[in-house]
Amino acid sequence: MSKGRHEEAQKSEVLQGTLDLMVLKVLDALGPQHGYGIARRIEQVSQQVLQLNEGTVYTSLLRLQQRGWIASDWGASENNRKAKYYSITKSGRKQLARETENWERIAGVIGRLLSLEGKG
Amino acid sequence: MIHHLRALAARLRGLFGDRGADRELNDEINTHLRLLTERYVRQGMTETEAAQAAHRQFGNITLLQEVNRETRGFKIIDTLIQDLSYGMRLLLKSPGFTTVALLSLGLGIGANTAIFSLMDAIFWRHLPVSHPEQLVSIVIPLGEREDPGFTPLALFREIQNNNQIFAGAITNGADGLSLTVDGATERVMGEVVTGNYFSVLGVNAFRGRTFSAEVAQGAWAPEAILSYDFWQRRFGSDAGVVGKTIQLNGYSFTVVGVSPPHFFGTEVGMSPEVRVPKLPDPLDQTMPAMPLLKLSGYIPVMARLKPDVSLQQAQAATEVVYQRVIQDDPHLSSNPRFRGTHIRLLPSPRGTSRLRGEFGRPLALLLGLVALVLLIACANLANLLLGRAAARRRELAVRLAIGAGRARLIRQLFTESLLISFLGGALGVLLAYWAVDILFGFLPQNHIRTLLEVEPNLRALGFTLGVTVLTGILFGLAPALQATRPEIASALKSGSTGGRRRVIELRQALVVAEVALALLLLIGAALFVRTLQNLKAVNAGFDADNVLLFTMKPVHQRYAPARLRNFCSELLERVERLPGVRSAGLAEAGPFSGREGSALITVPGSPPQTERPTRAFVDRVSPHFFESLGIPLLAGRDFSVADQEGAPNTAIIDEIAARDFFNEVNPIGRHLAVGRSPNVTEFEIIGVIKATKHRSVREANQPAVYLSILQGDRPWMPTLYVRATNAITPLTASIRQTFQGLDKDLPVFNIKTFERQLNESLAQDRLVATLSGFFGVLATMLAAIGLYGVMAYAVASRTQEIGIRMALGAQPKGVLWLVMWETLRLVMVGVVIGLSAALAAARLISNLLFDLKPTDPLTIAMAALLMIGIAALAGYLPARRASHVDPLVALRNE
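Residues numbered from 1 in each chain as written. Chains lettered and ligands numbered in written order. Predicted model: local features only at pLDDT ≥ 70, side-chain atom pairs only at ≥ 80, totals over all residues. Heavy atoms only, no water.

Looking at the environment of B:Val467
Tracing the chain through its elements places B:Val467 in helix α16 (residues 458–483). Between the alpha carbons of B:Val467 and B:Arg563 there is a distance of 66 Å; along the sequence they are 96 residues apart. (Helix = DSSP H or I, 4+ residues; strand = E, 2+ residues; numbered from the N terminus.)

Focus: the nonpolar core
Membership of the largest hydrophobic core comes to 96 residues, with the highest contact counts inside it found for B:Leu201, B:Leu363, B:Leu452, B:Phe528, B:Leu767 and B:Leu787. The leading source of residues in this core is helix α24 (residues 763–797) of chain B, at 15 residues. When near neighbours in sequence (up to four residues on either side) are disregarded, B:Leu452 contacts B:Leu118, B:Ala121, B:Ile122, B:Val268, B:Gly269, B:Leu355, B:Phe440 and B:Leu443. Within the second largest apolar cluster, 32 residues are counted, among which are A:Val26, A:Tyr58, A:Leu64 and B:Ala53. (Core = buried A, V, L, I, M, F, W, Y, C linked by side-chain atoms within 4.5 Å. Buried < 20%, exposed > 50% of the residue type's maximum accessible area, 1.4 Å probe, protein only. Contact = heavy atoms within 4.5 Å.)

Section: the interface of chain A and chain B
The interface is formed by 25 residues belonging to chain A together with 24 residues belonging to chain B. Of the roughly 2300 Å² buried between chain A and chain B, counting both surfaces, carbon and sulfur atoms make up 51%. Considering only the surface of chain A that becomes buried against chain B, A:Tyr36, A:Tyr58 and A:Gln66 emerge as the three largest contributors, covering 29% of it. Applying the counting criterion to the chain A and chain B interface returns nine residue pairs in polar contact (both at pLDDT 80 or more). Within the residue set of the side of chain A that touches chain B, elements represented by two or more residues are α1 (2–11), α3 (35–46), α4 (56–66) and β3 (82–88) of chain A. (Buried area = accessible area lost by both parts, 1.4 Å probe. Polar contact = N/O pair within 3.5 Å; in protein donor to acceptor, adjacent residues only side chain to side chain.)

Structural notes on the packing of aromatic side chains
All names here are of chain B. For the coordinates displayed, the defined rule picks out 23 aromatic pairs over all chains. Aromatic side chains Trp-220 and Phe-253 sit 6.0 Å apart centroid to centroid with 80° between the ring planes, which places their arrangement in the edge-to-face category. Taken together, the residues Trp-220 in the loop between α9 (213–217) and β7 (223–226) and Phe-253 in strand β9 (residues 251–258) connect sequence positions 33 residues apart. You can call Trp-220 partly exposed: its relative accessible area is 26%. Considering the side-chain rings of Phe-625 and Tyr-721, the 5.3 Å spacing of their centres and the 75° angle between planes classify their relative orientation as edge-to-face. Residue Phe-625 is located in helix α20 (residues 625–628), and its partner Tyr-721 is located in strand β23 (residues 719–724); the two are separated by 96 residues in the primary sequence. For the pair Phe-625 and Tyr-721, a shared accessibility class is recorded, and that class is buried. Here the aromatic cluster, defined as three or more aromatic residues joined through ring pairs, consists of Phe-542, Phe-592, Phe-625, Phe-626, Tyr-706, Tyr-721 and Phe-754. Above the ring of Phe-749, the side-chain terminus of Arg-187 is found at 3.8 Å from the ring centroid. Across the ring face of Tyr-559, the terminal group of Arg-563 is positioned such that the distance to the ring centre comes to 4.3 Å. (Phe/Tyr/Trp six-rings, centres within 6.5 Å; stacked < 30°, edge-to-face > 60°. Lys NZ or Arg CZ within 6 Å of the ring centre and 35° of its normal.)

Details of α4(A)
Residue and element names in this part refer to chain A. The element α4 is extensively covered by neighbouring structure, given that nine of its eleven residues are classed as buried. Listed as buried for α4 are Thr-56, Val-57, Tyr-58, Thr-59, Ser-60, Leu-61, Leu-62, Leu-64 and Gln-66. Directly after α4, the chain includes Gly-68, whose backbone phi takes a positive value near 80°.

Focus on helix α6 (residues 95–124) of chain B
The terminal C-alpha atoms of α6(B) lie 40 Å apart, and with 30 residues this matches the ideal 44 Å at 1.5 Å per residue to within 8%. α6(B) sits mainly inside the fold: 23 of its 30 residues count as buried. (Expected span 1.5 Å × (residues − 1).)

Focus: the pattern of salt bridges
Residue and element names in this part refer to chain B. According to the stated counting rule, one finds 35 salt bridges over all chains in the structure shown. For Arg-698, the salt bridge is made with Asp-765, and the minimal N-O distance between the two is 2.4 Å. Taken together, the residues Arg-698 in the loop between β21 (681–689) and β22 (704–708) and Asp-765 in helix α24 connect sequence positions 67 residues apart. Three or more residues are tied together by salt bridges with common partners; here these are Arg-798, Glu-801, Arg-805, Glu-822 and Arg-825. (Salt bridge = Lys/Arg side-chain N within 4 Å of Asp/Glu carboxyl O.)

Quick look at the pairing of strand β12 (residues 301–305) of chain B
All names here are of chain B. When you tally the buried positions in β12, you get five out of five residues, the bulk of the element. What you see with β12 is no split at all: Val-301, Ala-303 and Leu-305 on one side and Met-302 and Arg-304 on the other are buried throughout. Summarising the sheet, strand β1 (residues 135–142) and β12 pair through three bridges and their orientation is antiparallel. Following the sheet pairing, Ser-137 is matched in β12 by Met-302. Pairing of strand β4 (residues 166–181) with β12, which is carried by five bridges, proceeds in the antiparallel orientation. Bridging from a neighbouring strand, Ala-169 pairs with Ala-303 of β12. (Pairing = 2+ DSSP bridges.)

Purely geometric stuff here, so don't read any function into it on its own.
Pasting the structure below:
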C-alpha cells in the first residue's frame, strides 16, 4: 500500500501545500463550492497545465477542514441533488492572506535572483 | 492547538465506530464520478468510455478512502484489534491445541506463583510495620544454638534506656487465654507486650487508640487491644467495641483500640487476638493467673535502631553493655552458660517464625518441582506452536503473495503468541489463588492456630508470565519469521519439505527433554509417595481408631490445685459413664502434640560408674489413658485414683526405659529419679507399657516415663482422650455437654480425632507427597501429549512415503512397528537422560525420605515403566493411523 502513495506523488507534480492554497483561493474567490466544482475551477484556471488526480482535492479538503480553514455543509447541487458544499472561514481567509504574501515574497526574491544572474 | 484536538476527536470518533464520515466521502466520490462521466458524455464519448475516463481522471479511489479512514481511529489500535480477533478465532478453531496450551501454561504459572507466594509469606515478606529494616533481635548463643528468647532482663533495661543507639526495645510473650465478653467465653491467643510495643513498631490503631501514654512510659493499666481479624469475627466490626470490658483469665480489661488490618505482630504465622501490657515491676504478684504478665528472668527482645546508627555500631555498643551486665549480676556471672559468650544483633525485618524450620526444605523442594513443571509446559507450548507454524506455512505464503507486508504478518504472529501467553497467564492467576488455599490447608493447626495471610505474589506472577511470554515469542515467532521469507513459490508448491527436517528435529529434541523432565518428576513423586506410605505404615504403638481429643486450659485463678484435681477426676468419671464411651483418660501433653517434654532420668542406688544420666520423654497422665489409646500394659498396673497428691510418687515407664535403665531386671517396685539436681524427685515404678512414638513417627525410639497427673505439678493444658466403642463423632456433642455441665465458662478447643492428630504430624510429608504426585502425573501427561503431537505430525508429513512403502508390499503391522520404533527411540533417550538426572539429584532429597533410598531400584523401575507405558500409548495412536494409510489415497494426495 505504501507503493501506491509514491505513485500518486509522481503523477501529480503539485505539492500538497500548494493544492491546499489553490482550494482556499477558489473558495475565497468564488464562494461555496462542492468538490467537483473546485476541481473544475482549478482545471480552468491552470489552463490544462496542471495534470491533477481529482480525488486529491478531497484529501486536501479533509486537511483544510481539520485545520478549521474551511467548513462544510450539505446543500442542493445544480440539478437538485444533495451535495456537500465547502466554504472558506474567517481563519481560512487569514491563512490565505498569509500564504499569498509568502508566495509573493518568494516569487519576488527568485525574480530578483534570476535577473541578477543575467547581469553576471 | 485546536486543529490537533479536532484531529484527535476525529480519531476517537473513528475508534468508536463512527462510519458516517466514510459514507459521506463515498457519496461525494460517487457524485464526482457521475458528474465527470456526464461531462465526458457531453464531450462525445460513449457511456463506457466516459466512465473509464472519469475513473482515470479521478485517480485512486481506494487510496483516497484509506487515507480518509486513516485519519479516523488509531492505526495501532485498529491493527491490534484486528490481530487479536483473528488470533481468538484461530484459537477457537483448534480447541484441542488451545485447551492443551492454555491448561499447561495455566497450571505451570499458577503452581509456581502459589508456592512462591507461600514461601514469600513465610520467609521473605517484611513485617507490616514501619521501617522493618531497622528492627533487630537480640540473640545470645548458648552452646551451638542461638536463642533469641534468652536475653537477661537487666540487659533489656539497659537497651531500653540507651537512647543513642536504639529508638526503643520491646519484648513480648504469647499465651492461650480464656476471653469472656457478653457472657460467652472462648479461647484466644493473647500476647503480653511492653507498653511501647506499638510505638516502637510504628503501628497506629485502626479504631480507638493504642496503649495510653502512661502505659507507654511504663505504668500499668488494664488496657487491651484487639486484632483486626478478631474484631471483625467476634464483634462484627462494631465501632462500639472501644470501651467495652472483657475478662481475660478472669481479670477485667478495657478494650481501648483495634490494631490495623494486616498487622499480626512479629511472629509470622501467628496473629494473637488480644494484646495487653506487661507489668512493669517484676515482683508484682497481682495477677497469678496470667504469668506472662510479669517481666522477669529471660525474655525475647526486639529493638529498633536509630536511623543513622549502623549495625556494627549498635553491635559494638551493645556488646560492651552486655559484658558489663554479666559482670554486675552475680546470678549471670556465676552461670557457666554465659561465660565467654558474645551478644549478636540479628536484623529481623521479617520477624521470627516457627514455620520456617519446619517447612523450609519441603517448600524449596516443591518450588524446584513446579519450576520443572513450568519448563515442561513451555516445552509443550513450543512444540505446539512449531507444529502450528508448520501447518500454516501455506496460509502465510498466500497472504504474502497477495501483498501483505512481512512486517505486518510478523506483527500479527507476535500478537497471536502474546495472546496465548496472556490467556494462559490469566488462567494461571486464577489457579494461583485457588492453589494457595489448598496449600494453606496443609499447614498444621494445633493448640496454636496458624494464621497466615497469603496472596499471590506479584513478582512471582510477573516472572512466570515473563517466562511463558518469552517461550511464546521464541517458538511462535521464530518459525513465523522463517515462514515469511520470500521463498513463496516453494511453499506454495505441494509436497515441499524445505526446512521441515530441521523443525522435526527440534520438536523431537523438545519431546525428549519433556520426557526426561517428566520422568524426573515421576521418580520424585514415586519416592515421596512411598515415603508417606512407609511413614503411615509405621506402628506408632497406638490402637486408636475411634479416639477423640479435647484440650482445655482451666484458668488457674479459678481453679486451686485441689479443685483442679477434683475437676479432672470428676470429668473422667462422667465421660466414662456416657453411653458409647469405652474409656477416657487425660494427658498433660499427649503424643504428637508438640508439647511433650523431656527430663533427665537417673536410677538412684546404681554404682556411680554405671549410672548414665539419660533423657527420657516425660508426660503426666491419668488412669485409663493408656487404655484409651490402646497402649498395652506389659507388666504391673495402670495409675489409679489412689495415685493422688499425698500418696507416694508413682511412675509408669515404657519397655525401652525398662531395658535402658534396668536391663533384664524387673523394674516394678524399683525407683527412678527425675530431674536435674537439686530439683530431683524420686518415683516408684508401678508398671511397664509398650513403647510408642512421641513427637514424630520418624523418630528413633527413646525411653519414656509417665507420671500421675494427679500428683506433683498441677495440670496446665491437659487433653482428654475419649475412646468410643463404635463411632466417635456422635459422641462429640454429649462430651461437650459434660464439659458444660462441669463448668460452662471453660473453653474447650483443639477438638479432633487422634487419627487427624497423627496425620497432622506428617504435614510436611503429606504436602510433599500429594503435590509431587500431582505434578508427576501432570508432567507425564504433558509429555505424552507432546509426544503424540510430534508423532502425529511426523506421520502426517510422511504419508506419501508410507503409501509408497505399502504399495511396494509393506504390511500394516510392519508400518505400525516402524512408527512405534520411532516413538520408542525418542522415549528411551528421554528416559535415559531422566534417569541420569534422577541419580545425580538423589543426594538432594535423601533426608526427606523415610526408610527408602533415593536410588531405590524398585521405585525407579516403576516410574520408568509407567513413563514408557504412557508414552507408548501416546505413540500408538498415530502409529495405528499410519498403518491404516491407503496407499492409493496417499499417493494421489500431496
